[in-house]
Amino acid sequence: MRGLFKWSSKWWPGVIPLVIFWAIAAWTSTEPLEADLAQRSAAALKDTVLNKTRISVAGRDVTLGADAFSEDGRQGAVASVETVPGVRLVNDETRLVPEAKPFVWSAERDVVRVTLSGSSPLPASKSRLMEAARANLGGVEVVDRMDLSRGAPPRFDNAALLLLDQIGKLKEGKITVSDTQVSLSGMARELGGREAIAAALKNLPEGFSVAANEVKAPPYVFQAYKDPVAVTLTLTGNVPDNNVHAALVAAAGRKFFSEKVVDSLKPSIGAPSGFASAVVPALGALSRLSTGTLVVSDREVKLSGDALYEAAASQIRAGLGKDFPQGWQFKPEISVKPPAAPVDATVCQQLFTDLLGKARIRFEPGKADIVADSAGLLDRLIETALRCPTANIEIAGHTDSDGDEAANQTLSEKRAQAVADHLVRAGLPANRFSAVGYGSTQPIAGNDTDQGKAQNRRIDFVVK
């Protein structure tokens, strides 16, 4: 008996290896089973729309965590895993994506980036919007701050994609969708951009409407620069149409008698009312400057530069704004060019001859009224007269041979006197000038052609 007891009391050491072998067998067989169940559970969910899906397996029990976008979708996902062969129990940790009330989405553009914020209804929608933003915005950085939410109105994706096309037309601004109401604000990138956006908004999907459109047009800018070194007048910026374009270039050609006109204007919509009525006289004022810049921005006219003498500067400062249409503003920054060195009578005569060889003082047909286009030439003549303060000057009027000889004589005298009066109003002494009319008696070209007649209708300055 004692031997038997001693033998039986030592049976348990043999159990230890058995337990170890069992644990190893269980470990090596369970791990592949769990991995297989996890893989097949994930495959069962491939056609479901979920977010943040998490699958873990313990033995034959599967824990499913995910954010679903509808109750039917949530229950369907759980059911799909439950039908996977080998799954004994599904621990349901799914939940619904939060609902957004109201459902708000926005696209905001600043100088360097576009930020998409608010809610997106599905992961696929979010990806589609990001791809469209990058494609439409030409390399601009696109920042994703969108959350996934339920509650999107029908056809949300179509509306958001159309609106992303419009954010590309903004220099800066924001577009917001709140449920089915669309609001826009900011500055259009180009002239016509505001109108293009308004036209596109008419194609919003059914059910969507525009609550506010506060997109502003960029300033409508026209510029002209007179360069005395290059002897050019450069026109840049915008004009309303081809007709106004041609009219402004022609006006510049008449007013700037010695400068070459460099035309870089382009027709653009959005011009303020009265555009041409303001720009034409402003070009006339610029023609009176030695050097200067004209900037027309919407209804504001800025003219800066050097007048040829003090009286001209005062006239431009006080007078130009009176010629503008109602609602326009004039901001002059006019200084006076330092006076040039005096010259003797011979040089003075040569300067007058050179100036009047480039252009003629023009008058209304059959009258002694000086045309405004001649203002720049008259200022140059006055500046020259100021350089020879001791010289006496005869202002000689001439006509072509058309019409009555006596009438031509009278007209030539009146035109010569009109020029003399203009010089005196500029501050020159009246006793330095004598106005003489010669009618058609001293032609410099034949009167049998229009070109010859135009040459004969002239004012000459003769230094005595």
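Residues numbered from 1 in each chain as written. Predicted model: local features only at pLDDT ≥ 70, side-chain atom pairs only at ≥ 80, totals over all residues. Heavy atoms only, no water.

## Some remarks on the nonpolar core
Inference 1: One finds Phe-222, Leu-294, Leu-303, Ile-361 and Phe-461 to be the most contacted residues of the largest nonpolar core, which totals 61 residues.
Inference 2: Both domain 3 (221–336) and domain 4 (350–463) contribute no fewer than three residues apiece to this core.
Inference 3: Setting aside anything within four residues of it in sequence, one finds Phe-461 in contact with Gln-349, Phe-352, Leu-356, Ile-361, Leu-381, Ile-393, Glu-394, Ile-395, Val-419 and Leu-423.
Inference 4: With 31 residues, the next largest nonpolar core counts Ala-100, Ala-107, Ala-133 and Val-177 among its residues. (Core = buried A, V, L, I, M, F, W, Y, C linked by side-chain atoms within 4.5 Å. Buried < 20%, exposed > 50% of the residue type's maximum accessible area, 1.4 Å probe, protein only. Domains from an automatic or database assignment. Contact = heavy atoms within 4.5 Å.)

## Comments concerning the UniProt feature "domain: OmpA-like" (unreviewed entry) in the protein
Inference 1: Following the UniProt record, one finds the feature "domain: OmpA-like" (unreviewed entry) at residues 350–464.
Inference 2: Across residues 350–464, the secondary structure splits into 43% helix and 15% strand, with the terminal C-alpha atoms separated by 13 Å. (UniProt positions renumbered as here; feature names shortened; annotations may be inferred. Helix = DSSP H or I, 4+ residues; strand = E, 2+ residues; numbered from the N terminus.)

## Considerations on the domain arrangement of the protein
Accessible area lost during the coming together of the parts is what is often quoted as the interface size.
Inference 1: For the protein, the domain assignment lists domain 1 (30–96), domain 2 (104–216), domain 3 (221–336) and domain 4 (350–463).
Inference 2: When each unit is reduced to the centre of its C-alpha atoms, the spacing between domain 1 and domain 2 is 36 Å.
Inference 3: Domain 1 puts five residues into the contact, and the matching count from domain 2 is five residues.
Inference 4: Across the interface of domain 1 and domain 2, roughly 420 Å² is buried in total on both sides, 77% from carbon and sulfur atoms.
Inference 5: A per-residue breakdown of the area domain 1 buries against domain 2 is headed by Asn-51, Phe-69 and Leu-96, which together make up 82% of the total.
Inference 6: At the boundary of domain 1 and domain 2, one finds zero salt bridges. (Buried area = accessible area lost by both parts, 1.4 Å probe. Salt bridge = Lys/Arg side-chain N within 4 Å of Asp/Glu carboxyl O.)

## Examining the pairing of strand E9 (residues 181–188)
Inference 1: In this structure, strand E8 (residues 170–178) lies alongside E9, joined through eight bridges in antiparallel fashion. Bridge assignment links Lys-174 to a residue of E9, and that residue is Ser-185.
Inference 2: Once E8 ends, the chain turns through two residues before running back antiparallel as E9, passing Asp-179 with a positive phi of about 55°.
Inference 3: Across seven bridges, the pairing between E9 and strand E10 (residues 209–216) is parallel. Across the sheet, residue Gln-181 finds its bridge partner in E10, namely Ser-209.
Inference 4: Between the parallel pair E9 and E10, the chain is carried across by helix H6 (residues 193–201), and the sense of this crossover is right-handed. (Pairing = 2+ DSSP bridges. Right-handed = clockwise from strand over helix to strand, strands pointing away.)

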